[in-house]
There are 2 protein chains.
Amino acid sequence: MRYDFGGLSRLLEPDSVAIIGASADPTRIGGRPIRVMLQGGFRGRILPVNPKRDRVQDLTCYPDIAALPEAPDAAIVAVPAHAALDAVDALGQRGCKTVTMFTAGFAELGEDGRREQERLVTLVRQHGMRLLGPNTLGCWNVDLGYFGSFTSSLDLGYPLPGKIGMASQSGAFGTHVAAVARRRGIGVPVLVATGNEADITVADAIGWMAQSDRIDVICAYQEGFTDPGRMLAALDAARQAGKPVFILKSGRSEVGGRAAASHTASLAGDDAVADEVLRAHGTMRVNDTEQMLDLAYVARKRIYPVDNSLGVITVSGGAGIVASDEAEQQGLPMPPMPPEAQAELRALLPFCAPANPVDCTAQALNDLNLFRAFIHAALDKGGYRSVICFATTVAGSPDMAPRLLEALLPLREEFPDRLIVICAVAPPEIVERYEKAGFLVFEDPSRATRALAAMGRVGKLLSARGARLEARSDIHLPSTAPDEFQSKALLAKAGIAVSPEKMVHSAEEARDAATGIGFPVVMKIVSPDILHKSDIGGVRLNVTSADEAASVHDELLAAARKHRPDAGINGILVAQQVSGGVECFMGISRDPSFGPIAAFGLGGIFVEILRDIALRQCPFDQETAREMILSIRGATILTGARGRPPADLDALARTLSRLSHFAAGAGPRLLSVDLNPVMALPAGQGAVALDAVIELQEEEPAHAD
Amino acid sequence: MRYDFGGLSRLLEPDSVAIIGASADPTRIGGRPIRVMLQGGFRGRILPVNPKRDRVQDLTCYPDIAALPEAPDAAIVAVPAHAALDAVDALGQRGCKTVTMFTAGFAELGEDGRREQERLVTLVRQHGMRLLGPNTLGCWNVDLGYFGSFTSSLDLGYPLPGKIGMASQSGAFGTHVAAVARRRGIGVPVLVATGNEADITVADAIGWMAQSDRIDVICAYQEGFTDPGRMLAALDAARQAGKPVFILKSGRSEVGGRAAASHTASLAGDDAVADEVLRAHGTMRVNDTEQMLDLAYVARKRIYPVDNSLGVITVSGGAGIVASDEAEQQGLPMPPMPPEAQAELRALLPFCAPANPVDCTAQALNDLNLFRAFIHAALDKGGYRSVICFATTVAGSPDMAPRLLEALLPLREEFPDRLIVICAVAPPEIVERYEKAGFLVFEDPSRATRALAAMGRVGKLLSARGARLEARSDIHLPSTAPDEFQSKALLAKAGIAVSPEKMVHSAEEARDAATGIGFPVVMKIVSPDILHKSDIGGVRLNVTSADEAASVHDELLAAARKHRPDAGINGILVAQQVSGGVECFMGISRDPSFGPIAAFGLGGIFVEILRDIALRQCPFDQETAREMILSIRGATILTGARGRPPADLDALARTLSRLSHFAAGAGPRLLSVDLNPVMALPAGQGAVALDAVIELQEEEPAHAD
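Throughout this description, residue numbers start from 1 for each chain and increase along the sequence as written. In the order they appear in the text, chains get letters beginning with A and ligands get numbers beginning with 1. Given that the model is predicted, a residue must reach a pLDDT of at least 70 before its local features are reported, and side-chain atom pairs must reach 80 or more before they are shown or counted; all residues, however, enter totals for whole chains, interfaces and linings. Heavy atoms from the whole structure form the basis of all side-chain values; hydrogens and water molecules are not counted.

## What about the relation of the copies chain A and chain B?
Line of reasoning, step 1. Turning chain A through 180° and shifting it by 0.1 Å along the axis lays it on chain B, with an RMSD of 0.2 Å. Accordingly, the operation relating the two chain copies is best matched by a two-fold axis. The atoms used to superpose the copies are C-alpha atoms, taken from residues with pLDDT of at least 70 in both, and the fit is least squares.

## A closer look at the packing of helix α19 (residues 507-517) of chain A against helix α20 (residues 546-563) of chain A
All names here are of chain A.
Line of reasoning, step 1. Only the stretch in contact is used when fitting a helix axis, every axis being a line fitted to C-alpha atoms; angles between N-to-C directions are given from 0 to 180 degrees. Working definition: helices are DSSP H or I runs of at least four residues, strands are E runs of at least two. Numbering for both runs from the N terminus. Orientation of α19 relative to α20, taken along the N-to-C sense of each, is 140°, at an axis distance of 8 Å. Comparing their axes, α20 and α19 come out oblique. In this structure, the crossing between α19 and α20 has a hand that is right-handed. Between α19, through A507, A510, R511, A514 and T515, and α20, the contact on the second element is made entirely by A546, D547, A549, A550, H553 and D554.
Line of reasoning, step 2. Amino acids outside the nonpolar list (Ala, Val, Leu, Ile, Met, Phe, Trp, Tyr, Cys, Pro) and the charged list (Asp, Glu, Lys, Arg) are all regarded as polar, and Gly is one of them. Of the residues contributing to the contact of α19 with α20, the split by class is 6 nonpolar, 2 polar and 3 charged. Note on angle classes: values under 35 degrees are labelled roughly parallel, values over 145 roughly antiparallel, values of 65 to 115 roughly perpendicular, and the remainder oblique. Handedness of a crossing follows from how the near helix is turned relative to the far one, being left-handed for an anticlockwise turn of less than a right angle and right-handed for a clockwise one. The contact criterion used throughout is that any non-hydrogen atoms of two residues lie within 4.5 Å.

## Observations concerning the pattern of salt bridges
Line of reasoning, step 1. One side-chain nitrogen of Lys or Arg within 4 Å of one carboxyl oxygen of Asp or Glu is enough to make a salt bridge. Enumeration according to the criterion identifies 84 salt bridges over all chains in this entry.
Line of reasoning, step 2. R115 of chain A serves as the salt-bridge partner of D112 of chain A, at 2.7 Å between the closest nitrogen and oxygen. Here D112 of chain A pairs with R115 of chain A, and both are found in helix α4 (residues 111-126), just 3 residues apart, close to one helical turn.
Line of reasoning, step 3. Each residue's exposure class comes from its accessible area (1.4 Å probe, protein chains only) as a fraction of the maximum for that residue type: buried when under 20%, exposed when over 50%, partly exposed otherwise. The exposure class of D112 of chain A is exposed, given its relative accessible area of 57%.
Line of reasoning, step 4. By relative accessible area, R115 of chain A is classed as partly exposed at 45%.
Line of reasoning, step 5. Taking the shortest distance from any N to any O, the salt bridge between R214 of chain B and E13 of chain B comes out at 2.7 Å. One end of the pair, R214 of chain B, is in the loop between α6 (202-211) and β12 (217-222); the other, E13 of chain B, is in the loop between α1 (9-12) and β1 (16-20), with 201 residues separating them in the sequence.
Line of reasoning, step 6. Judged by its relative accessible area of 22%, R214 of chain B is partly exposed.

## Some thoughts on the state of the cysteines
Line of reasoning, step 1. Cysteine sulfurs are considered disulfide-paired once they come within 2.5 Å of each other. Within this structure, the stated rule accounts for 0 disulfides over all chains.
Line of reasoning, step 2. C423 of chain A forms no disulfide, and the closest cysteine sulfur to it belongs to C389 of chain A, at a distance of 8.8 Å.
Line of reasoning, step 3. Here C423 of chain A falls in the buried class, since its relative accessible area comes to 0%.
Line of reasoning, step 4. Not engaged in a disulfide, the cysteine C139 of chain B finds its nearest cysteine sulfur in C96 of chain B; these two sulfurs lie 12 Å apart.

This is the structure we're talking about:
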């Protein structure tokens with residue numbers, strides 16, 4: 001499906017705005033937006049509507065919507081719920097195309113409110129309008145001085161200009177983050193709070209920001225995915241535009257509560273799936289507001305080094321070690337300075353530690369040219385993409401700060417493509433001077449390190465743009481759930497290797513099949529009614545002769561009849577016994593939001609006890625499958641730990657990728673697939689699925705009457 | 001060993017201080033401390049010493065140390081290195097007992113400097129003095145206005161009063177943290193930077209703070225443990241005094257680099273050992289300066305609820321969910337409000353969400369009595385030990401803040417033993433008003449949640465005080481490394497169950513031993529020269545008859561002679577074959593700093609691939625052993641996962657505790673023990689060590705001549 005995110009422009013960039021329920025009292029919700037727009041210098045026309053007044057806050061006030069002198073680009077509805085629908089209808093008739101509805105009393109109140117909200121949506125659609133809310137704190141766009149919001153958070157000051165957009169389901173939380181940003185000197189010029197999301201969602205806001213020149217970096221707060229397709233399209237649009245999205249998706253703690261039907265789903269957990277899908281669409285998930293703002297603060301530089309590396313130049317050995325510890329934790333490389341560069345630095349200052357962290361000692365602060373020389377060496381000879389200069393309180397001293405800034409300024413100009421952080425304890429006005437000169441300022445070296453490390457990850461996420469694959473169209477599911485034999489046949493058609501096997505229906509057939517396949521063989525009961533075959537003695541390993549195969553056939557049937565006399569038996573499966581490999585688990589589960597999700601892990605305790613699992617949204621290519629396989633904690637078992645032969649990773653990755661294509665092509669009727677085990681044989685010998693369970697949604701009758 | 005931490009009182013609480021190398025220029029290192037003490041109102045006498053001047057900064061200046069009018073409590077040495085030793089000698093002769101030596105040019109410069117520093121230490125000891133430094137930024141004690149430091153960080157302002165002490169090896173890092181604290185309104189009235197630690201270490205500073213009434217909360221920065229015994233004694237003293245220690249021990253990233261001798265040590269890693277030892281001594285390790293200050297900020301309340309729980313009262317559903325997610329992550333329980341209390345809150349405000357998080361909606365900010373009623377219900381009916389009230393920018397508005405404070409003040413008085421956080425975006429002066437009234441203020445709900453969760457952990461760490469056990473004195477090691485048979489005998493004497501077994505020296509003896517033990521048996525070669533028996537075919541399982549035992553005896557001997565013709569053979573071990581349990585690993589390794597450390601994990605991949613290991617400093621009791629066992633990721637394998645019978649945890653914990661006592665009692669000659677595997681049998685059936693390797697340091701000859 002194609003999504004159009006342009007529809008929000010009138011909402012966020014209006015030339016004129018009508019306030020329905022306008023109030024003369026600037027502390028009331030119908031008065032506050034007028035005051036903040038008047039004080040904030042809104043460039044457009046403000047059109048108050050209130051039947052009881054001629055003028056509101058020194059503006060001409062109109063008695064009703066029909067009396068408006070023009071069709072406003074945007075309208076704010078601040079009347080009680082019982083009058084809100086009439087207002088929307090009148091706005092639609094007057095030709096207004098976007099409504100921000102502060103009014104509460106809809107879906108958040110339960111069933112009655114939900115019905116009323118549905119009527120509202122119907123009305124909005126009839127008029128071809130877009131609706132923000134109801135029950136929203138509103139939106140703003142500082143560039144135009146537009147404040148379609150009644151938030152009191154603006155009492156602490158107006159948002160600063162900048163290039164960061166905030167899309168938040170929760171108004172209080174969104175404005176909280178914006179207020180924290182302002183206190184830190186970070187501009188959040190566009191905010192959209194989506195409230196009840198009757199029409200416009202966080203996804204729409206992200207999508208609009210993705211295509212707006214006003215915004216370089218997108219922050220979002222989201223509780224659940226109401227329309228996952230729209231969200232993923234918005235995230236893809238942001239990635240296409242090269243804009244990072246930092247999303248705080250809350251509700252992690254509810255994960256455990258939801259019962260999950262299939263094996264894979266119960267192993268994975270919904271929240272892990274959301275994590276993986278967000279990542280696959282180029283989005284970075286954050287855990288708290290500080291991390292969100294730290295990343296947005298640095299991301300404004302639009303420097304996302306895929307080949308990120310960190311150089312630390314410090315006047316304190318301690319700070320250097322602390323930053324190095326954090327860099328290792330974050331996987332951010334800190335290669336040493338080249339030997340010649342180290343020798344040069346030693347010549348400058350005999351008792352420096354020139355490797356990396358580069359400790360230039362407090363001496364360098366007595367001679368700022370020396371400090372600059374050390375940082376220059378790190379940028380030039382060291383070639384680090386990111387640099388932290390730890391200068392602590394010295395960088396914050398009103399006496400030293402201007403001199404330090406003067407000394408460092410040439411570096412900012414010579415290396416415009418690097419991230420340069422000054423670690424300083426400084427009053428806000430001094431921080432601002434460094435920032436205006438293009439430097440980043442952090443107090444805490446660990447926090448700086450985390451933010452710099454994230455920019456490298458952003459670079460990788462953004463550069464993976466457009467890697468989405470088309471689902472294959474040649475997968476045809478049967479009308480009822482396939483048994484093991486049929487499941488394997490389906491998968492084999494999709495290119496997945498399964499063990500050579502035959503379905504038999506008599507002892508004689510079992511004898512012939514086993515002889516044909518070669519010994520030893522495995523024999524299993526095949527019944528749609530018996531899922532856990534081993535529990536009833538329905539599986540026999542190590543069948544080594546034709547006679548044994550014949551008698552095992554009868555024994556398996558007898559066992560099935562004894563334990564499950566009511567079960568339908570499709571036959572007995574005779575399969576080659578494959579051994580000498582590593583048992584793996586591959587599975588598919590259908591996520592209600594994101595469609596088929598593939599899981600990979602090692603067999604037995606690895607998935608069942610340790611939950612050592614990698615997930616990906618389907619479909620994906622062999623390279624991605626390989627990354628996925630190697631990302632599990634137990635991966636060394638496959639790569640040759642403890643003297644084992646390395647497993648056939650190519651075949652394993654091929655199988656996993658093909659399974660993902662099968663799942664994506666199969667459509668929504670495919671509920672789950674469990675391949676348990678897939679035997680990963682030694683390198684060059686392949687990977688074989690030894691068991692397969694496919695769950696399908698029952699096909700609906702063509703005419704249900 | 002007993003340590004005396006009182007010796008620092010004269011250093012940190014001097015009545016008089018001499019400055020050797022006093023300067024009239026208040027920006028020089030011999031002038032700065034005089035200026036900051038004069039401006040900071042030092043209550044004692046400042047005695048400048050400089051042969052070239054009569055007066056320094058308006059104070060009488062003395063030509064030399066002998067001319068001082070009194071023996072000063074403390075002296076600051078700010079003369080060049082070549083004159084420093086003479087100054088110390090003269091100070092000693094004048095009767096001065098503590099020296100803070102700013103002078104650099106000692107051990108930090110290499111071998112020559114190290115020798116000079118040793119001369120300095122000898123001199124100090126001769127005079128019975130204590131020495132801070134050399135190469136230190138110094139120390140301060142704000143309560144007395146004493147600043148024995150030349151740090152320029154004081155240019156940003158003097159430290160605030162309070163009850164937090166900072167002990168830092170790195171001066172720049174310590175003053176950086178103190179400056180950040182000051183900017184956040186957190187008092188760090190005592191700081192000790194230990195520099196080269198020729199005498200006084202971070203441990204001494206912690207020990208002094210542990211016994212000083214000036215300090216309630218201790219922060220420390222440490223790179224390595226030069227004198228681990230002293231450090232642990234200091235940490236124990238702090239715990240005895242009920243004072244938390246938040247320590248940033250850097251150097252995590254160097255862990256991988258060090259080669260480790262024994263199996264256990266290589267599995268554990270030095271840094272994991274340090275983590276565990278710090279925890280065992282009641283100390284909380286932190287990873288960055290912000291976390292350190294967050295914890296210290298909350299810890300000043302001296303409320304450390306062992307039974308911690310969190311109630312969140314919020315005007316934003318979003319913030320409530322974000323805090324809940326973090327609480328789950330931190331293991332901080334958020335039980336729901338009791339049903340009656342929920343009903344009462346619903347009666348107050350029909351559309352609230354009264355469970356926990358308690359969402360009282362923005363409505364509660366329109367009627368602050370309502371907001372107070374919600375918070376009161378959480379404290380009273382909910383009984384939460386910790387509470388977060390999320391009021392965002394409203395709590396920071398100059399108009400609302402005084403009214404909110406007035407509304408909440410009665411709660412602070414009624415529930416003095418609770419931690420109450422107000423989440424607010426507020427200017428510093430408003431934050432200060434909440435704090436003065438006894439509330440804690442955080443901007444970020446996640447960060448507040450982390451700090452509150454830590455207070456519960458502090459409570460548990462402090463309440464474990466005095467749990468240290470005495471080492472047993474009846475462990476006697478042989479003079480040379482024992483073989484497997486001897487090792488097991490040693491361990492059996494220490495109360496550890498081993499498999500019934502016999503050492504045999506002929507096929508005939510093997511036949512008898514196996515028959516006596518009962519079949520099946522295991523047979524192994526025993527040789528001090530063959531550590532990896534399996535690799536040369538030196539182990540045979542499943543020996544089921546007397547005849548087989550006899551022939552296996554000869555085969556094992558032959559295999560050993562073939563593969564290792566030079567190996568000395570002590571005999572063949574015939575042991576009962578124990579099966580039907582879970583294979584575990586127990587080990588001991590001797591840490592150079594902290595003595596014997598015990599490791600526990602499950603066998604095979606769990607320790608070797610997944611590094612799923614718990615560590616403890618020896619000795620420890622059975623209860624601690626049990627905690628340790630249950631703390632590994634794979635613990636469910638022992639408690640009955642996947643339909644297994646639960647293992648005999650009592651026996652396993654007993655065995656592990658006894659091993660720890662054995663190791664502690666064995667003394668420093670015991671290098672390592674590996675019990676691999678220990679078979680944990682089903683509940684009630686015990687735990688049995690099936691293999692044992694003990695490594696010893698060779699005994700030194702009594703007279704080496």
